[in-house]
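One letter stands for each residue in the lines below.
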Amino acid sequence: MIFFGARRYLGEEEDGGTSKESRSQVLLAKLQQKAKERQKQSLIEQTEHQHEEQTEIQDVKKKRKADKDSVQEPHRHKKRKSDVVALHSSDSDNHDEPVEEKKKKKKSLQIVPVSMSEAEKDSSEQNSQKTSAPTGFTVLGGFDSKPAQKVHRVLPQWLAEPDVIHRDIKNNLVPISNISGLSAQLLKKLQNNGIQHFFPVQAEVIPAILESAQQGLLIGRGGYNPRDICVSAPTGSGKTLSFVIPVLMERVVCAVRALAVLPTKELAQQVYKVFTSYAEGTAVKVVMLAGQKSFASEEASLSEYRGGMRRSLADIVVATPGRLVDHINKNSGFCLEQLRFLVTDRVTKESRQTENRL
Ligand SMILES: Nc1ncnc2c1ncn2[C@@H]1O[C@H](COP(=O)(O)OP(=O)(O)OP(=O)(O)O)[C@@H](O)[C@H]1O
């Protein structure tokens, strides 16, 4: 049997005089020293690694920035104009000036608008002169914006200062005999219809129309314009009679001298009835053009061809706008040359259009 004896390595053999304990202490110290050195080494390696990483990151950032700048090159070029101003101003700065003064100047520079440099201005002026002179073309632009003039809206006198009429039809009545210029026949008809007094609107409108009619061709007070009357009054206040009565007063020859336009057949019918009831027993002829009869029969009621000439058979025409326009366009026997009264009752868009065509 072979026996191997193994001894533990305890470092370099010291001199034989050292004790076992002191050797182990030395060994421990050596080990600690080595551990410290290793620690140091690892620290150094760590910092070196970190430094390398940082430089790598910085490189990447630089590269990205360089790429971005190359893309934004035109914008940067624009910016340069302001740079020029700023640089120009800073060049003129007196470096000997106190710091406060410099700060003020810098502040003032911030609010100065970016503008063309003098050289650019000169060149642009020269260019504009060059373009306008030889061609003779008008150079567009350069219009000064002028403040728009305020329109002062003014109502016509008759609207701004109307004659106000009482709306109370029970009071403020005027006896029919008080209105001068009405024929005895008409007064009798009114009484027969139970009318002893005129309502306020009638007492105001009837004399006004009669007065104009007495002056001839409804010439107004100034001698030129016919007197127009615009009445605005509630329903049932007696507006219809206020134009029916004066219109019926005049008749020299048979000719269409009054035309009443109403927006609907029904309204035309109502007005037609009032006209016919007061015209009954007189020579005045009233014709309605509202499409209730055929166009041909309406045509026949308006005029006839007799003795080699066309004669009117109507003094007063009550019409709806559409039918009226049909007769104006297609009926050669429909003549409005003698027209003296045009009444547009219950004014609508349609009746306004008709009025404009007449
Ligand atoms: N002076 C008067 N006295 C008594 N009754 C009257 C008088 N004038 C009109 N009337 C009657 O009053 C009613 C309304 O009159 P009218 O139709 O003329 O009013 P209007 O103002 O034209 O109404 P609308 O706005 O509906 O056309 C009718 O029945 C009419 O006969």
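Looking at an unreviewed UniProt entry, the chain carries the name ATP-dependent RNA helicase, with the source organism given as Acanthochromis polyacanthus. UniProt annotates the chain under Sequence similarities (unreviewed entry) with the comment "Belongs to the DEAD box helicase family." Heading Catalytic activity (unreviewed entry) of the UniProt record for the chain holds this comment: "ATP + H2O = ADP + phosphate + H(+)".

## Side note on the sheet that holds strand E4 (residues 286–289)
With respect to topology, four strands assemble into an open sheet ordered E4-E7-E3-E8, the strand pairing being parallel. Unpaired on one side and paired on the other, E4 and strand E8 (341–344) mark the two borders of the sheet. The mean angle between the axes of side-by-side strands here comes to 15°, regardless of whether they run parallel or antiparallel. Alignment of strand E3 (residues 258–261) against E8, held across four bridges, turns out to be parallel. If you follow Ala258 over to E8, its bridge partner there is Phe341. Sheet strands in contact with helix H9 (residues 265–279) are E3, E4 and strand E7 (316–319), and its direction is about 170° off that of E4.

## Regarding the packing of helix H7 (residues 200–214) against helix H8 (residues 239–249)
One can describe the packing of H7 onto H8 by two numbers: an axis separation of 9 Å at closest approach and a directional angle of 25°. Relative to H8, the element H7 is oriented roughly parallel. The two elements H7 and H8 meet at a crossing, and its hand is right-handed. Contacts between H7 and H8 involve Val201, Gln202, Val205, Ile206, Ile209 and Leu210 on the former and, on the latter, Lys239, Leu241, Ser242, Phe243, Ile245, Pro246 and Met249. When grouped by side-chain class, the residues that make up the contact of H7 with H8 number ten nonpolar, two polar and one charged.

Definitions and limits used
Residues numbered from 1 in each chain as written. Predicted model: local features only at pLDDT ≥ 70, side-chain atom pairs only at ≥ 80, totals over all residues. Heavy atoms only, no water. UniProt positions renumbered as here; feature names shortened; annotations may be inferred. Pairing = 2+ DSSP bridges. Helix = DSSP H or I, 4+ residues; strand = E, 2+ residues; numbered from the N terminus. Axes fitted to C-alpha atoms, helices over the stretch in contact; angles between N-to-C directions. Contact = heavy atoms within 4.5 Å. Parallel < 35°, antiparallel > 145°, perpendicular 65-115°, else oblique. Left-handed = near helix turned anticlockwise from the far one by under 90°. Nonpolar A, V, L, I, M, F, W, Y, C, P; charged D, E, K, R; others polar.

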